[in-house]
Amino acid sequence: MTEAMHQILVIEDEPAIRNVLKVLLEAERYRVIEADSALRAEIETRSHKPDLLILDLGLPDGDGQAIIRRVRAWSPVPIIVLSARAMEEQKIAALDGGADDYVTKPFSAPELLARVRAALRRNVRGPEQTSALKLGPLELDLAKREARTPSAEVHLTPLEYRVLECLARHLGAIVTQNQLIREVWGPERLGDSRGLRVCIKSLRAKIEPNPHKPRYLITEAGLGYRLRADET
Ligand code: CA
């Protein structure tokens, strides 16, 4: 499938911003559907089955969180949330609720388009394709639980593999601390991020060329982490 065939639903009540998004996306040959309210968003999502949702969290007839919950009940379609800069809690709630990524308003066009491409790519790749990753010289096979550079094997603990697996399922997108803790340590450990921080630190020591300036295992301050991989 080529990018030209991808259909994106833009849910935004401000006409000016909606129009900017439409122009930007259509210039990249995406097909754009528009919705200006939560109600329209649900109708358009069900009738058009878009490949991606770009969702403004502040809508006149209901908040975006409710849309995410309702869409997630029946569809895994990627959702990129648009939100204002100061709304950290909103962003965390949206990501924990099942959004894939967020872009802060005012957004930069190249950044938005990069997130769109990453979200669409994730949607196309099956789980078998996300298990092999290349992080610089490091080749990871998550299915076999192998990690190696051209010169050596790299030993990762089971916990480290599980953290990487969780991040790799959302490759290129943010995974919140709560998501990671729930999936790897279990829901009873929610709110206790010490284990996660220790694990991230030791992973960086093993997989990053320079652990103090991470290139692959990125911190999203106050939100969580994002795994970037080289294109394979
Ligand atoms: Ca709005």
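Here the residue numbering is sequential within each chain, running from 1 through the sequence in written order. pLDDT decides what is reported in this predicted model: residues at 70 or higher carry local features, side-chain atom pairs at 80 or more are listed and counted, and totals for whole chains, interfaces and linings draw on all residues regardless. Excluding hydrogens and water, the side-chain figures rest on all heavy atoms present in the structure.

### Some details on the domain arrangement of the chain
Domain start and stop points were drawn from an automatic or database domain assignment. The domain boundaries assigned to the chain delineate domain 1 (7-124) and domain 2 (127-227). Computed over C-alpha atoms, the centres of domain 1 and domain 2 are 26 Å apart. Here, two residues are considered to be in contact whenever any of their heavy atoms come within 4.5 Å of each other. Contacts between domain 1 and domain 2 engage 10 residues on the former and 14 residues on the latter. Across the interface of domain 1 and domain 2, roughly 990 Å² is buried in total on both sides, 48% from carbon and sulfur atoms. Accessible area that two parts lose when put together, evaluated with a 1.4 Å probe and summed over both, is termed the buried area. Broken down residue by residue, the surface that domain 1 buries against domain 2 is led by Leu95, Asp96 and Arg122, which jointly contribute 47%. Should a side-chain nitrogen of Lys or Arg be within 4 Å of a carboxyl oxygen of Asp or Glu, the pair is scored as a salt bridge. Seen at the junction of domain 1 and domain 2, the total is one salt bridge. Across the pair Arg226 and Asp101 runs a salt bridge, and its minimum N-O distance is 3.2 Å.

### A few points about the pattern of salt bridges
One pass over the full model with this rule turns up 19 salt bridges. Here Glu34 ties to Lys22 by a salt bridge, and the two come within 3.7 Å at their closest N and O atoms. Residue Glu34 is found in strand β2 (residues 31-35), and its partner Lys22 is found in helix α1 (residues 15-27); the two are separated by 12 residues along the sequence. Only protein chains enter the area calculation, which uses a 1.4 Å probe; residues under 20% of their type maximum are buried, those over 50% are exposed, and those in between are partly exposed. In this structure Lys22 comes out as partly exposed when scored by relative accessible area, which is 21%. Arg72 serves as the salt-bridge partner of Asp100, at 3.0 Å between the closest nitrogen and oxygen. Placement of Asp100 in the loop between α4 (88-96) and β7 (101-105) and of Arg72 in helix α3 (residues 64-72) is noted, with a sequence separation of 28 residues between them. Numbering of helices and strands starts at the N terminus; helices are DSSP runs of H or I of at least 4 residues and strands are runs of E of at least 2.

### Let's talk about the pairing of β2
Pairing geometry for strand β1 (residues 7-11) and β2, over five bridges, is parallel. For Ile11, the partnering residue across the bridge sits in β2 and is Ala35. We call two strands paired when DSSP finds no fewer than two bridges between them.

### Brief notes about the sheet that holds strand β11 (residues 174-176)
Pairing between sheet strands relies on hydrogen bonds along the backbone, with the strands arranged either parallel or antiparallel. The strand order across the open sheet built from three strands is β11-β13-β12, with neighbouring strands paired in antiparallel fashion. Strands at the two margins of the open sheet, each flanked by one partner only, are β11 and β12 (217-220). With direction set aside, neighbouring strand axes in the sheet form an average angle of 30°. Summarising the sheet, β12 and strand β13 (residues 224-227) pair through four bridges and their orientation is antiparallel. Paired with Leu217 across the bridge in β13 is Leu227. Helix α6 (residues 158-169) rests against β11, β12 and β13 of the sheet, and its axis sits at about 75° to β13. Only the contacting stretch of a helix is used when fitting its axis, a line to C-alpha atoms as for every element, and angles between N-to-C directions run 0 to 180 degrees. Against the sheet, helix α7 (residues 177-185) makes contact with β11 and β13, and its axis sits at roughly 70° relative to β11, the strand it touches most.

### Considering the side chain of Lys105
With respect to the secondary-structure elements, Lys105 resides in strand β7. Side chain to side chain, Lys105 and Glu12 meet in a polar contact 3.1 Å long. Among the polar contacts listed, one links the side chain of Lys105 to the side chain of Asp56, at a separation of 3.2 Å. For this analysis, a polar contact is any N or O atom pair within 3.5 Å, provided that within protein one partner can donate a hydrogen and the other can accept it, and provided that sequence-adjacent residues contribute only side-chain to side-chain pairs.

### Thoughts on α7
Because each turn of an α-helix spans 3.6 residues, side chains separated by three or four positions end up pointing in the same direction. The complete set of buried residues in α7 reads Gln179, Leu180, Ile181, Val184 and Trp185. On the buried face of α7, the contacting elements are α4, α6, β11, α8 (194-207) and β13. Remark: Gly186 follows α7 within two positions and exhibits a positive phi of approximately 105°.

### Some points on the nonpolar core
In these notes, a set of buried Ala, Val, Leu, Ile, Met, Phe, Trp, Tyr and Cys residues joined through side-chain atoms within 4.5 Å is what counts as a nonpolar core. Leu140, Leu156 and Val163 are the most contacted members of the largest nonpolar core, which totals 29 residues. Of all elements in the fold, only β8 (132-135), β9 (138-141), α6, α7, α8 and β13 reach the threshold of two or more residues within this core. For this core, the element with the most residues is α6, which contributes six residues. With near-sequence residues (within four places) excluded, Val163 lies in contact with Leu180, Val184, Trp185, Cys199, Ile200 and Leu203. Among the nonpolar cores identified, the runner-up in size contains 22 residues, and Ala35, Ala41, Ile79 and Ile174 belong to it.

### Focus: α6
With 12 residues, α6 extends 16 Å from end C-alpha to end C-alpha; this agrees with the ideal 16 Å at 1.5 Å per step. Of the positions making up α6, those classed as buried are Glu160, Tyr161, Val163, Leu164, Cys166, Leu167 and Ala168. Between the first and last residue of a helix there are one fewer steps than residues, each counted as 1.5 Å, and that sum is the expected span.

### A word on the packing of α6 against α7
Their axes nearest at 10 Å, the elements α6 and α7 cross at an angle of 130°. Here α7 runs oblique to α6, going by the angle between their axes. For the element pair α6 and α7, the recorded crossing hand is right-handed. Of the residues in α7, those in contact with Leu159, Arg162, Val163, Cys166, Leu167 and Arg169 of α6 are Leu180, Glu183, Val184 and Trp185. We call two directions roughly parallel when the angle between them is under 35 degrees, roughly antiparallel when it is over 145, roughly perpendicular when it lies between 65 and 115, and oblique otherwise. Crossings are sorted by hand: turned counterclockwise from the far helix by less than a right angle, the near helix makes the crossing left-handed, and turned clockwise it makes it right-handed.

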